[in-house]
Amino acid sequence: MQLIPCPWCGPREEAEFHYGGQAHVAYPEDPSALSDEEWAQYVFFRENPSGPFAERWSHSAGCRRWFNAVRDTRTHDLLAVYRVGEPMPEVTA
Amino acid sequence: MTVSPLAAWTDRLAALAPALDVTEVPFRSQLTVRVSDPDAIAAMGDALGVRFPAVPCTFSAGTGEFGAVEVLWLGPDEFLVTASPDLQVTIEEVLRGALQDVRGSVVDTSAQRTTVVLQGPRARDVLAHGCSVDLHPASAPRGTCVQTLLARTGIVLQVNDDGYTILVRSSFAEYFAAWLADAATEYLAVP
(Lines give C-alpha, C1' and ligand atoms only; values in the text may rest on other atoms or scores of the structure.)
Protein backbone atom coordinates (compact mmCIF):
# COMPACT_ATOMS: atom_id res chain seq x y z
CA MET A 1 0.00 0.00 0.00
CA GLN A 2 1.25 3.47 -0.81
CA LEU A 3 2.57 5.55 2.07
CA ILE A 4 1.53 9.20 2.31
CA PRO A 5 3.78 11.47 4.40
CA CYS A 6 1.53 13.43 6.78
CA PRO A 7 3.25 16.74 7.67
CA TRP A 8 2.50 16.03 11.35
CA CYS A 9 2.66 12.24 11.75
CA GLY A 10 5.12 11.14 9.07
CA PRO A 11 4.57 8.37 6.53
CA ARG A 12 1.36 6.43 7.00
CA GLU A 13 -0.71 4.06 4.91
CA GLU A 14 -2.95 5.51 2.26
CA ALA A 15 -6.03 3.96 3.96
CA GLU A 16 -5.67 6.42 6.83
CA PHE A 17 -6.27 9.38 4.52
CA HIS A 18 -9.17 11.03 2.75
CA TYR A 19 -8.91 12.93 -0.50
CA GLY A 20 -10.18 16.50 -0.62
CA GLY A 21 -9.84 17.58 -4.23
CA GLN A 22 -7.89 20.45 -5.73
CA ALA A 23 -6.07 22.75 -3.31
CA HIS A 24 -5.93 26.54 -3.38
CA VAL A 25 -9.48 27.06 -4.70
CA ALA A 26 -10.28 30.37 -3.07
CA TYR A 27 -13.82 31.13 -1.93
CA PRO A 28 -15.17 34.06 -3.97
CA GLU A 29 -14.83 37.38 -2.16
CA ASP A 30 -18.37 38.44 -3.01
CA PRO A 31 -20.37 35.32 -3.91
CA SER A 32 -23.62 37.20 -4.45
CA ALA A 33 -22.00 39.26 -7.23
CA LEU A 34 -21.20 36.16 -9.28
CA SER A 35 -23.20 35.11 -12.28
CA ASP A 36 -24.55 31.57 -12.41
CA GLU A 37 -21.79 30.64 -14.78
CA GLU A 38 -19.06 32.06 -12.56
CA TRP A 39 -20.56 30.29 -9.54
CA ALA A 40 -20.67 27.01 -11.47
CA GLN A 41 -17.02 27.55 -12.39
CA TYR A 42 -16.15 27.95 -8.72
CA VAL A 43 -18.23 25.00 -7.49
CA PHE A 44 -17.77 22.38 -10.17
CA PHE A 45 -14.78 23.13 -12.40
CA ARG A 46 -11.38 21.81 -11.42
CA GLU A 47 -8.03 21.40 -13.09
CA ASN A 48 -7.23 17.98 -14.48
CA PRO A 49 -3.54 18.14 -15.30
CA SER A 50 -1.29 15.38 -16.47
CA GLY A 51 1.60 15.94 -14.07
CA PRO A 52 2.03 17.75 -10.75
CA PHE A 53 -1.29 18.63 -9.12
CA ALA A 54 -1.79 20.43 -5.78
CA GLU A 55 -4.54 18.76 -3.80
CA ARG A 56 -5.96 18.58 -0.31
CA TRP A 57 -5.69 15.50 1.89
CA SER A 58 -6.96 14.78 5.38
CA HIS A 59 -5.22 12.39 7.75
CA SER A 60 -8.61 11.17 8.90
CA ALA A 61 -7.51 8.11 10.88
CA GLY A 62 -4.58 9.91 12.50
CA CYS A 63 -4.20 13.52 13.57
CA ARG A 64 -7.32 14.47 11.54
CA ARG A 65 -5.60 17.55 10.09
CA TRP A 66 -6.02 18.78 6.54
CA PHE A 67 -2.87 19.38 4.55
CA ASN A 68 -1.84 19.94 0.96
CA ALA A 69 0.14 17.66 -1.27
CA VAL A 70 1.56 17.91 -4.77
CA ARG A 71 0.95 14.64 -6.56
CA ASP A 72 2.09 13.65 -10.00
CA THR A 73 -1.10 12.36 -11.60
CA ARG A 74 0.88 10.23 -14.05
CA THR A 75 2.92 8.29 -11.52
CA HIS A 76 0.95 8.83 -8.29
CA ASP A 77 4.21 9.99 -6.69
CA LEU A 78 3.80 12.54 -3.92
CA LEU A 79 6.31 15.24 -4.80
CA ALA A 80 5.74 17.45 -1.74
CA VAL A 81 3.47 17.82 1.28
CA TYR A 82 2.93 21.05 3.16
CA ARG A 83 0.70 22.33 5.93
CA VAL A 84 -2.40 24.43 5.42
CA GLY A 85 -1.46 28.09 5.11
CA GLU A 86 2.00 27.38 3.77
CA PRO A 87 2.78 28.33 0.18
CA MET A 88 3.02 25.64 -2.45
CA PRO A 89 6.66 24.55 -2.75
CA GLU A 90 8.48 24.39 -6.06
CA VAL A 91 8.45 20.89 -7.43
CA THR A 92 10.19 19.21 -10.29
CA ALA A 93 8.29 16.32 -11.79
CA MET B 1 -23.59 -1.80 38.15
CA THR B 2 -21.36 -0.50 35.42
CA VAL B 3 -19.90 -3.12 33.12
CA SER B 4 -16.68 -2.40 31.27
CA PRO B 5 -16.64 -2.81 27.46
CA LEU B 6 -14.42 -5.90 27.63
CA ALA B 7 -15.84 -7.48 30.79
CA ALA B 8 -17.10 -10.47 28.79
CA TRP B 9 -13.66 -11.04 27.28
CA THR B 10 -11.54 -11.33 30.43
CA ASP B 11 -11.16 -15.13 30.25
CA ARG B 12 -10.56 -15.31 26.52
CA LEU B 13 -7.90 -12.59 26.71
CA ALA B 14 -6.26 -14.22 29.73
CA ALA B 15 -5.91 -17.40 27.67
CA LEU B 16 -3.44 -15.59 25.37
CA ALA B 17 -0.74 -15.65 28.09
CA PRO B 18 2.20 -16.10 28.22
CA ALA B 19 2.75 -14.92 24.63
CA LEU B 20 0.54 -11.92 25.22
CA ASP B 21 -0.61 -10.34 28.48
CA VAL B 22 -3.77 -8.37 27.81
CA THR B 23 -5.33 -6.33 30.59
CA GLU B 24 -8.25 -3.98 30.30
CA VAL B 25 -7.95 -0.90 32.47
CA PRO B 26 -11.52 0.37 32.26
CA PHE B 27 -13.17 3.66 33.19
CA ARG B 28 -10.03 5.80 33.01
CA SER B 29 -10.66 9.54 33.18
CA GLN B 30 -10.12 11.01 29.73
CA LEU B 31 -10.41 14.61 28.68
CA THR B 32 -10.00 15.99 25.20
CA VAL B 33 -8.29 19.39 25.31
CA ARG B 34 -8.29 21.71 22.31
CA VAL B 35 -6.00 24.67 22.74
CA SER B 36 -3.23 26.27 20.70
CA ASP B 37 -2.08 29.15 22.90
CA PRO B 38 1.40 28.23 24.30
CA ASP B 39 0.85 30.09 27.59
CA ALA B 40 -2.44 28.32 28.22
CA ILE B 41 -0.82 24.96 27.38
CA ALA B 42 1.93 25.70 29.91
CA ALA B 43 -0.63 26.77 32.54
CA MET B 44 -2.59 23.55 32.03
CA GLY B 45 0.61 21.53 32.37
CA ASP B 46 1.41 23.30 35.64
CA ALA B 47 -2.08 22.61 36.96
CA LEU B 48 -1.72 18.89 36.25
CA GLY B 49 1.94 18.60 37.20
CA VAL B 50 2.64 17.14 33.76
CA ARG B 51 4.11 19.16 30.94
CA PHE B 52 2.09 18.85 27.72
CA PRO B 53 3.97 17.12 24.87
CA ALA B 54 5.47 19.55 22.38
CA VAL B 55 6.58 16.97 19.83
CA PRO B 56 3.95 15.41 17.54
CA CYS B 57 3.16 11.73 18.10
CA THR B 58 4.48 11.59 21.65
CA PHE B 59 2.97 11.56 25.13
CA SER B 60 4.20 12.79 28.47
CA ALA B 61 3.61 11.24 31.87
CA GLY B 62 4.03 12.44 35.39
CA THR B 63 2.63 12.46 38.87
CA GLY B 64 0.96 15.47 40.41
CA GLU B 65 -2.07 16.47 42.39
CA PHE B 66 -4.19 13.91 40.54
CA GLY B 67 -1.78 11.00 40.79
CA ALA B 68 -0.29 9.50 37.65
CA VAL B 69 -1.46 11.54 34.67
CA GLU B 70 -0.61 11.16 31.00
CA VAL B 71 -1.03 13.77 28.29
CA LEU B 72 -1.22 12.44 24.74
CA TRP B 73 -0.55 14.46 21.60
CA LEU B 74 -3.51 13.99 19.24
CA GLY B 75 -2.95 16.96 16.96
CA PRO B 76 -1.18 20.32 16.82
CA ASP B 77 -3.89 21.86 19.00
CA GLU B 78 -5.42 18.73 20.48
CA PHE B 79 -4.43 16.66 23.50
CA LEU B 80 -5.90 13.79 25.51
CA VAL B 81 -5.42 13.85 29.27
CA THR B 82 -5.77 10.44 30.92
CA ALA B 83 -5.85 9.69 34.65
CA SER B 84 -7.27 7.25 37.18
CA PRO B 85 -11.05 6.67 37.18
CA ASP B 86 -13.50 9.17 38.65
CA LEU B 87 -11.22 12.20 38.38
CA GLN B 88 -12.69 13.62 35.17
CA VAL B 89 -14.95 16.20 36.80
CA THR B 90 -12.21 17.58 39.05
CA ILE B 91 -9.61 17.65 36.29
CA GLU B 92 -12.05 19.27 33.89
CA GLU B 93 -12.65 22.09 36.36
CA VAL B 94 -8.94 22.56 37.02
CA LEU B 95 -8.09 22.63 33.29
CA ARG B 96 -10.96 25.04 32.58
CA GLY B 97 -9.57 27.26 35.34
CA ALA B 98 -6.10 27.15 33.77
CA LEU B 99 -7.57 27.94 30.35
CA GLN B 100 -9.24 31.11 31.65
CA ASP B 101 -10.42 33.28 28.77
CA VAL B 102 -8.18 31.77 26.13
CA ARG B 103 -9.90 30.19 23.14
CA GLY B 104 -10.04 26.43 23.65
CA SER B 105 -12.10 23.62 25.08
CA VAL B 106 -11.94 20.86 27.68
CA VAL B 107 -14.38 17.99 27.15
CA ASP B 108 -14.91 14.86 29.22
CA THR B 109 -14.54 11.95 26.78
CA SER B 110 -14.01 9.21 29.38
CA ALA B 111 -16.78 7.04 27.99
CA GLN B 112 -15.47 7.25 24.44
CA ARG B 113 -12.59 4.82 24.77
CA THR B 114 -11.50 1.96 26.93
CA THR B 115 -7.86 1.27 27.74
CA VAL B 116 -6.09 -2.01 27.04
CA VAL B 117 -2.54 -2.72 28.22
CA LEU B 118 -0.66 -5.12 25.98
CA GLN B 119 2.49 -6.80 27.26
CA GLY B 120 4.38 -10.00 26.74
CA PRO B 121 7.11 -11.26 24.40
CA ARG B 122 4.82 -11.34 21.34
CA ALA B 123 3.02 -8.01 21.80
CA ARG B 124 4.85 -6.27 18.95
CA ASP B 125 4.49 -9.26 16.60
CA VAL B 126 0.75 -9.47 17.20
CA LEU B 127 0.28 -5.74 16.60
CA ALA B 128 2.22 -6.03 13.34
CA HIS B 129 -0.53 -8.32 12.04
CA GLY B 130 -2.89 -5.37 11.75
CA CYS B 131 -0.94 -2.15 12.20
CA SER B 132 1.36 -0.68 9.60
CA VAL B 133 3.23 1.66 11.95
CA ASP B 134 6.79 0.50 12.60
CA LEU B 135 6.92 -0.27 16.33
CA HIS B 136 10.57 -1.29 16.45
CA PRO B 137 12.20 0.56 19.38
CA ALA B 138 14.52 2.30 16.90
CA SER B 139 11.62 4.12 15.23
CA ALA B 140 9.01 4.04 18.02
CA PRO B 141 10.86 4.61 21.31
CA ARG B 142 9.18 4.81 24.71
CA GLY B 143 6.93 7.86 24.79
CA THR B 144 5.64 7.43 21.25
CA CYS B 145 1.91 7.96 20.87
CA VAL B 146 0.31 7.37 17.49
CA GLN B 147 -3.23 7.39 16.20
CA THR B 148 -3.58 4.80 13.50
CA LEU B 149 -5.62 1.90 12.22
CA LEU B 150 -5.32 -1.54 13.76
CA ALA B 151 -7.20 -4.00 11.58
CA ARG B 152 -9.37 -1.12 10.28
CA THR B 153 -10.20 0.06 13.81
CA GLY B 154 -9.03 3.50 14.85
CA ILE B 155 -6.78 3.29 17.91
CA VAL B 156 -4.49 5.47 19.96
CA LEU B 157 -1.32 3.54 20.71
CA GLN B 158 1.18 4.48 23.41
CA VAL B 159 4.61 2.87 23.63
CA ASN B 160 5.69 2.17 27.21
CA ASP B 161 8.85 0.68 28.69
CA ASP B 162 7.37 -2.78 28.93
CA GLY B 163 4.65 -2.89 26.33
CA TYR B 164 1.86 -0.88 24.79
CA THR B 165 -1.23 0.96 25.94
CA ILE B 166 -4.04 0.97 23.42
CA LEU B 167 -7.07 3.22 23.59
CA VAL B 168 -9.91 1.81 21.53
CA ARG B 169 -13.44 3.11 21.14
CA SER B 170 -15.79 1.32 23.52
CA SER B 171 -18.10 0.25 20.70
CA PHE B 172 -15.14 -1.28 18.84
CA ALA B 173 -13.61 -2.91 21.92
CA GLU B 174 -15.17 -6.34 21.41
CA TYR B 175 -14.14 -6.38 17.76
CA PHE B 176 -10.65 -5.39 18.84
CA ALA B 177 -10.54 -8.19 21.44
CA ALA B 178 -11.79 -10.73 18.92
CA TRP B 179 -9.19 -9.64 16.39
CA LEU B 180 -6.47 -9.78 19.05
CA ALA B 181 -7.43 -13.31 20.10
CA ASP B 182 -7.37 -14.42 16.47
CA ALA B 183 -4.09 -12.70 15.61
CA ALA B 184 -2.39 -14.19 18.68
CA THR B 185 -3.43 -17.76 17.84
CA GLU B 186 -0.19 -18.65 16.11
CA TYR B 187 1.86 -17.64 19.16
CA LEU B 188 -0.03 -19.80 21.64
CA ALA B 189 1.77 -22.84 22.97
CA VAL B 190 0.36 -26.06 21.62
CA PRO B 191 -1.44 -27.80 24.53
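See above for the structure.
The present account deals with the structure reproduced in this document.

The rules we used
- Residues numbered from 1 in each chain as written.
- Chains lettered and ligands numbered in written order.
- Predicted model: local features only at pLDDT ≥ 70, side-chain atom pairs only at ≥ 80, totals over all residues.
- Heavy atoms only, no water.
- Salt bridge = Lys/Arg side-chain N within 4 Å of Asp/Glu carboxyl O.
- Buried < 20%, exposed > 50% of the residue type's maximum accessible area, 1.4 Å probe, protein only.
- Helix = DSSP H or I, 4+ residues; strand = E, 2+ residues; numbered from the N terminus.
- Phe/Tyr/Trp six-rings, centres within 6.5 Å; stacked < 30°, edge-to-face > 60°.
- Lys NZ or Arg CZ within 6 Å of the ring centre and 35° of its normal.

### Some remarks on the pattern of salt bridges
Part 1 of the reasoning: All chains considered together, the criterion is met by 11 salt bridges over all chains.
Part 2 of the reasoning: Salt-bridge contacts for Arg12 of chain A lead to Glu16 of chain A; the nearest nitrogen and oxygen are separated by 3.3 Å.
Part 3 of the reasoning: Given a relative accessible area of 4%, Arg12 of chain A falls into the buried group.
Part 4 of the reasoning: Among the ionic pairs, Arg34 of chain B bridges to Asp77 of chain B, the shortest N-O distance being 3.3 Å. Of this pair, Arg34 of chain B sits in strand β2 (residues 29–35) while Asp77 of chain B sits in the loop between β4 (67–75) and β5 (78–83), and the two are 43 residues apart along the sequence.
Part 5 of the reasoning: With a relative accessible area of 31%, Arg34 of chain B lands in the partly exposed category.

### Some words on the packing of aromatic side chains
Part 1 of the reasoning: On inspection of all chains with the given rule, the structure shows 6 aromatic pairs over all chains.
Part 2 of the reasoning: With centroids separated by 6.3 Å and ring planes inclined at 40°, the aromatic side chains of Trp8 of chain A and Trp73 of chain B adopt a geometry described as tilted. Of this pair, Trp8 of chain A sits in the loop between β1 (3–6) and β2 (10–13) while Trp73 of chain B sits in strand β4, each in a different chain.
Part 3 of the reasoning: Judged by its relative accessible area of 23%, Trp8 of chain A is partly exposed.
Part 4 of the reasoning: Trp73 of chain B gets classed as buried once you look at its relative accessible area, which sits at 4%.
Part 5 of the reasoning: Pairing Phe52 of chain B with Phe79 of chain B gives two aromatic rings, centres 5.1 Å apart and planes at 70°, and the pair type is edge-to-face. With a gap of 27 residues between them, Phe52 of chain B in the loop between α2 (38–48) and β3 (59–64) and Phe79 of chain B in strand β5 connect regions that are remote in the sequence. The burial state of Phe52 of chain B is the same as that of Phe79 of chain B; both residues are buried.
Part 6 of the reasoning: For the cation-ring pair, Arg56 of chain A lies above Trp66 of chain A, with the distance from its terminal atom to the ring centre recorded as 5.4 Å.
Part 7 of the reasoning: Its end group placed over the ring of Trp8 of chain A, Arg83 of chain A keeps NZ or CZ at 3.5 Å from the ring centre.

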